[in-house]
Amino acid sequence: MEVLIQRMIRAAKLDVTLYEEVEADPSTMAQAVAVVILSSVAAGIGTMSVGGFRGLLALTVMALASWYAWAYITYFIGTKLLAEPQTRSTPGELLRTLGFSSAPGVLRLFGVIPGLGGLVMLIAGAWMLVAMVIAVRQALDYTSTGRAVAVCVIGWIIQTVILAIAFSLFGRPGLAPHPG
């Protein structure tokens, strides 16, 4: 557990060497999953007043599915559409690095504090985005941060469209108003 916590702190500090370590070490996949779950649960708790327990559960499941989809979208864009000559990667490398880029999301737990929820979510979201760009840059062996930003933006647009379609077809699970 101590190793996981130290890695999460290093990921949140935007330590490039951490992202290189988890990229190269397939045994860190379980830890990457744990980071995504912890970050998702923190977000669920931070927004508990909106969705309650069902929202927390739905947010955790959606975050895991989104992380998985995001890694594959990023893999395709980064290795097929915007690859640099030295780009070599696997979906697993992206799953691991992107999983650890969720580490700053644990701060979303503090969204439960009245009056601070929106600010906490904004800061944590921005921090996670910066970590994600670093994770993509390292996993795809880019020399250009701008290219990593482009991959993240294009991937975000694609994922947003997919989520919008899913929400329009199925609704927002777990976020319906509570009776009574």
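Our subject is the structure that appears above.
Residues numbered from 1 in each chain as written. Predicted model: local features only at pLDDT ≥ 70, side-chain atom pairs only at ≥ 80, totals over all residues. Heavy atoms only, no water.

## Notes on the overall build of the protein
Along the backbone of the protein there are 7 helices and 0 strands. Going residue by residue from the N terminus, the α and β elements of the protein occur as α-α-α-α-α-α-α. Over its C-alpha trace the protein gives a radius of gyration of 16 Å, about what one expects of a compact globule, namely 16 Å for 180 residues. Counting only C-alpha atoms, the protein reaches 60 × 40 × 30 Å along its principal axes. (Helix = DSSP H or I, 4+ residues; strand = E, 2+ residues; numbered from the N terminus. Rg over C-alpha atoms; globule rule 2.2 N^0.38 Å.)

## Description of the packing of helix 2 (residues 16-24) against helix 6 (residues 117-139)
For the pair helix 2 and helix 6, the least separation of the axes is 9 Å and the interaxial angle reads 55°. It follows that helix 2 is oblique to helix 6 by the angle criterion. Taken as a pair, helix 2 and helix 6 cross one another with a handedness that is right-handed. Taken together, the residues of helix 6 that come into contact with helix 2 (itself represented by Val16, Tyr19, Glu20 and Glu23) are Ala131, Ile134, Ala135, Arg137, Gln138 and Ala139. Residues of the contact of helix 2 with helix 6, tallied by class, amount to 6 nonpolar, 1 polar and 3 charged. (Axes fitted to C-alpha atoms, helices over the stretch in contact; angles between N-to-C directions. Parallel < 35°, antiparallel > 145°, perpendicular 65-115°, else oblique. Left-handed = near helix turned anticlockwise from the far one by under 90°. Contact = heavy atoms within 4.5 Å. Nonpolar A, V, L, I, M, F, W, Y, C, P; charged D, E, K, R; others polar.)

## A look at the environment of Ile123
When you line up the elements, Ile123 lands in helix 6. Taking C-alpha positions, Ile123 is 13 Å from Ser102, a pair spaced 21 residues apart along the chain.

## Observations regarding helix 1 (residues 2-12)
Along helix 1, the residues classified as buried are Leu4, Arg7, Met8, Ala11 and Ala12. Mapping the buried residues of helix 1 onto a view down its axis gives an arc of 135°, with all of them on the same face. Where the residues of helix 1 are buried, they touch helix 2, helix 3 (29-46), helix 5 (91-100) and helix 6. A positive phi of about 65° marks Leu14, the residue just after helix 1. (Buried < 20%, exposed > 50% of the residue type's maximum accessible area, 1.4 Å probe, protein only. Arc of directions from axis to C-beta.)

## Let's talk about helix 6
An ideal rise of 1.5 Å per residue puts 33 Å on 23 residues; helix 6 measures up with 32 Å between its terminal C-alpha atoms. Looking one or two places after helix 6, you find Asp141, whose phi comes out positive at around 55°. (Expected span 1.5 Å × (residues − 1).)

## Some thoughts on the nonpolar core
Core analysis: the biggest nonpolar cluster contains 31 residues, and Tyr19, Leu98, Phe100 and Val136 have the highest contact counts within it. Contributing elements (two or more residues each) for this core: helix 1, helix 2, helix 3, helix 4 (48-81), helix 5, helix 6 and helix 7 (145-170). Broken down by element, this core gets its largest block of residues, 7 residues, from helix 6. (Core = buried A, V, L, I, M, F, W, Y, C linked by side-chain atoms within 4.5 Å.)

## Description of unusual backbone geometry
The phi angle at Leu14 is positive, at roughly 65°, despite the residue not being glycine. Mapped onto the fold, Leu14 is located in the loop between helix 1 and helix 2. One non-glycine residue, Asp141, lies in positive phi territory at about 55°. Tracing the backbone shows Asp141 in the loop between helix 6 and helix 7. Note on Asp141: relative accessible area 26%, which makes it partly exposed.

Purely spatial values, then, with no claim about function.
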